[in-house]
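Letter by letter, the chains look like this.
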Amino acid sequence: MIRMRHTDESPHEASEINVTPFIDVMLVLLVIFMVTAPLTTVNVPVDLPSSTEKPTPPPDDPVFLTVKADHRLALGEDDITMDGLAGALESATKGNRDQRIFLRADRTVDYGTLMGVMDKLRSAGYLKVALVNLQGQEEGSEAGTTMVPTASTTSGSAPATAPVAAGTP
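Caption draft 1: Layout of the environment of Phe64. Here Phe64 is to be found in strand S1 (residues 63-67). Sequence spacing of Phe64 and Leu131 is 67 residues, and the spatial spacing of their C-alpha atoms is 9.9 Å.

Laid out in structure tokens, this is it:
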């Protein structure tokens, strides 16, 4: 018996891509990266040295902005509102937006409130902000303290927390 072959009986090649092995490989890589990612972070304990450099001298007429424990603001000795901050700073600095503002906050003030005040300062055009802390004091101690502005001066579009040199107000 002679068998005739028809053209439609030939095996066809698959023209679509089989993505199942690709997905399997990606899932394996995902698991590997999830397991190894925490191991790649640097967690080296370092005892950083302290600085013996004297703080910079305070300006002649410093402008202190204080965030009290109840989140009220004070410019110098005068209580102000958040809405009146720009106008009060304008009169305190005599319109000099390049003057550094020394920002003090009670230790109980939350980070969000402090950042809100710093955003208000930035929107008012005051980009030079120094955060004030107590230097020479251990946690819970009151004796031998000196107020020192320690962190941040900002200019242009930089974030409001760029580090700068410390100075004593």
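Caption draft 2: Geometry of helix H3 (residues 111-123). Compared with the 18 Å implied by 1.5 Å per residue over 13 residues, the 18 Å span of H3 between its first and last C-alpha is a close match. Looking one or two residues beyond H3, the residue adopting positive phi is Gly125, at roughly 100 degrees.

Caption draft 3: The arrangement of the packing of aromatic side chains in detail. Enumeration over the complete set of coordinates arrives at one aromatic pair. Geometrically, the ring pair formed by Phe64 and Phe102 is tilted, given 5.4 Å between the ring centres and 35 degrees between the ring planes. Placement of Phe64 in strand S1 and of Phe102 in strand S4 (residues 101-105) is noted, with a sequence separation of 38 residues between them. Here Phe64 and Phe102 have matching classes, each one buried.

Caption draft 4: Representation of the nonpolar core. One finds Leu65, Leu75, Ile80, Leu89, Ile101, Leu103 and Leu121 to be the most contacted residues of the largest nonpolar core, which totals 20 residues. Contributing elements (two or more residues each) for this core: S1, strand S2 (73-75), helix H2 (85-92), S4 and H3. Counting residues per element, this core draws most heavily on H3, at five residues. Each residue touching Leu103, except ones within four places of it in the same chain, is listed here: Leu65, Val67, Leu114, Val117, Met118, Val129, Ala130, Leu131 and Val132.

Caption draft 5: Molecular detail of unusual backbone geometry. A positive phi angle, near 70 degrees, is found at His71, a position not held by glycine. Mapped onto the secondary structure, His71 falls in the loop between S1 and S2. With relative accessibility at 39%, the residue His71 sits in the partly exposed group. A positive phi angle is found at Lys94, which is not glycine, with a value near 55 degrees. One can find Lys94 in the loop between H2 and S4. A relative accessible area of 69% places Lys94 in the exposed class.

Caption draft 6: Main features of the pattern of salt bridges. Taken as a whole, this structure holds five salt bridges when the rule is applied. A salt bridge links Glu90 to Arg97, with the nearest nitrogen and oxygen atoms 2.6 Å apart. Given a relative accessible area of 37%, Arg97 falls into the partly exposed group. A salt bridge links Arg122 to Asp119, with the shortest nitrogen-to-oxygen separation between them at 2.5 Å. On the criterion of helical spacing, the pair formed by Arg122 and Asp119 is a turn pair, its members being three residues apart in helix H3. In this structure, a network of salt bridges that share partners links the residues Lys68, Asp70, Arg72 and Asp79.

What counts and how
- Chains are numbered independently. Their residues run from 1 in the order of the written sequence.
- Local features in a predicted model are, by the rule used here, given only for residues with pLDDT of at least 70; side-chain atom pairs are given and counted only at 80 or more, and totals for whole chains, interfaces and linings are based on all residues.
- To obtain the side-chain values, all non-hydrogen atoms of the structure were used and water was disregarded.
- Only DSSP runs of H or I with at least four residues qualify as helices, and only runs of E with at least two residues qualify as strands; both kinds are numbered from the N terminus onward.
- Residue count minus one, scaled by 1.5 Å, sets the expected span of a helix.
- Ring pairs are drawn from Phe, Tyr and Trp, using the six-membered ring of Trp, whenever the two centres fall within 6.5 Å, and their geometry is named by plane angle: stacked under 30 degrees, edge-to-face over 60, tilted for the rest.
- Throughout, exposure labels follow a simple rule: accessible area from a 1.4 Å probe, protein chains only, divided by the maximum for the residue type, with under 20% read as buried, over 50% as exposed, and the rest as partly exposed.
- Buried Ala, Val, Leu, Ile, Met, Phe, Trp, Tyr and Cys residues form a nonpolar core when they are joined through side-chain atoms within 4.5 Å.
- A contact between two residues is defined here by any heavy atoms of the two lying within 4.5 Å.
- What makes a salt bridge here is a side-chain nitrogen of Lys or Arg within 4 Å of a carboxyl oxygen of Asp or Glu, nothing more.

Geometry only, nothing functional implied.
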